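Examining the three-dimensional arrangement
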Amino acid sequence: MKPISNALLLVSLAVWSAVCGLEITSTGPTSIEKASGESVKLDCQFTLATEDSGPLDIEWSLQPSDNQKEEKVVILYSGDRAYENYYAPLKGRVHFNSPDPKNGDASINLLSLEASDTGTYQCKVKKVPGIRSRKVLLTVMVRPSKPRCSIEGSAQVGKDVVLKCKSSDGTSPLQYIWDKTSGNKLLPANAVLDSVGGTISIRNATEAVSGTYRCTAKNRVGTDECVLELNITQPPNTAGVIAGSVICVLLILILIALILFCCCRARQKKKYEKEISHEIREDVPPPKSRISTARSFTSVGSQRSSLGSMSPSNLHEYTKAQYDKIPSEEYERPPSHAPQPPSFAPSRMAAPNLSRMGAIPVMIPAQNRDGSIV
């Protein structure tokens, strides 16, 4: 029974196809790769028969490369009218190839392609009683951005050097190709290339590997390149550098020590002068004014004691003359030569007699051996 059923189905399809007459005639590629920024035409040619009498509908839909996203209608032709701004992400960038698609050309043009335009596009042509469709896989690839070339390691003789090349943008797979554009234009024999990582490693570098190197980043839709200059030099004299550094450090330390020493000496000197200015010396003699006053009192007392027999009139003249001489003579005499105070002996003249003679009693202050008043 099963073979008979299949045969009947094939016969029915053949009869239906002969009756409806709608066919998709495009034979172009069903998988297209384009670079971002470019334009592409997606073919969808069809033919109609006289039996196809219903209204013509043309619909293009997009199934994104991420299958989790639902299918979206991007452009539509229905009722003899085109709806080209149906899908917001492609607004202004998708158009029918023919101004009148009902003539058999349902192809569309996509302009200024972006990476997000990647996906499967399906063309559906409907005219009662027939319906036909065609799918085209579009892959929008991003050209490699301008790569950045750099040198890693010490560019000195005997050291290992790594040349790096990397593009920040571009659809994978990216391939990096290195070549030398100066000298003999041959890469060093000991160079190790990594076309995926974009590096070239040179071990135990010599001055012969110096020169200009070029890196080219490429994928299926474009290329870009960068250039760098590699200059291998002799290592510096590290011993001389170390010796010079040590000498500089020592000189700096000596200078710092000298500055600190001068500051300490200046501080000690200032402190010493301050202490000396406030110190009271023990060998300073007592004030001369006190000594002169004491001696004046002593001399006057001595002279008055010895003048018991003088008359009152003569006593007044004598005392006045003696007081006039004492200050100048006694004030200039050094303390060490001050006269010893006389020892007062009991006077032979009685006190009443002195009073009758006009003498004035005087109290003599006590003195020590150097003449100072006690």
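Report on the accompanying structure. Quantities reported herein were computed from a predicted structural model and do not represent experimental measurements.

1. Points about the overall build of the protein
Each helix and strand counted, the protein has 5 helices and 18 strands in total. With 374 residues in all, the protein has 29% of them scored as buried. Sequence separation of at least 24 residues holds for 59% of the intrachain contacts in the protein that already meet a minimum separation of 6. Total accessible area computed for the protein in this model is approximately 24500 Å², and 57% of it derives from carbon and sulfur atoms.

2. With respect to the pairing of strand 14 (residues 175–180)
Residue alternation in strand 14 divides its side chains into a buried set, Tyr176, Trp178 and Lys180, and an unburied set, Gln175, Ile177 and Asp179. Both strand 14 and strand 17 (residues 211–219) contribute to a ladder of 6 bridges, which runs antiparallel. By the bridge assignment, lysine 180 is partnered in strand 17 with tyrosine 213.

3. What about the side chain of lysine 127?
You can see lysine 127 is positioned in strand 10 (residues 119–127). Classification of lysine 127 by relative accessible area gives buried; the value is 13%. Within the local environment of lysine 127, its side chain forms a polar contact with the backbone oxygen of glycine 54, the two atoms lying 2.5 Å apart.

4. What about the state of the cysteines?
A complete count under the given rule lists 3 disulfides for this structure. Bridging cysteine 44 to cysteine 123, the disulfide has an S-S length of 2.1 Å. Note on the cysteine 44 and cysteine 123 pair: the S-S dihedral is about -75°, so by sign convention the disulfide is left-handed. Linking cysteine 44 in the loop between strand 3 (40–42) and strand 4 (46–47) with cysteine 123 in strand 10, this pair joins segments that are 79 residues apart in sequence. Residue cysteine 44 shares its accessibility class with cysteine 123, and that shared class is buried. Going through the protein in sequence order and numbering each bonded cysteine, the pairs you get are 1-2, 3-6, 4-5. Cysteine cysteine 262 remains unbridged, with the sulfur of cysteine 263 as its closest cysteine sulfur at 6.9 Å. Taking relative accessible area as the criterion, cysteine 262 reaches 45% and is therefore assigned partly exposed.

Calculation criteria
Residues numbered from 1 in each chain as written. Predicted model: local features only at pLDDT ≥ 70, side-chain atom pairs only at ≥ 80, totals over all residues. Heavy atoms only, no water. Helix = DSSP H or I, 4+ residues; strand = E, 2+ residues; numbered from the N terminus. Buried < 20%, exposed > 50% of the residue type's maximum accessible area, 1.4 Å probe, protein only. Contact = heavy atoms within 4.5 Å. Areas by Shrake-Rupley, 256 points an atom, 1.4 Å probe, with all protein chains shown as cover. Pairing = 2+ DSSP bridges. Polar contact = N/O pair within 3.5 Å; in protein donor to acceptor, adjacent residues only side chain to side chain. Disulfide = S-S within 2.5 Å.

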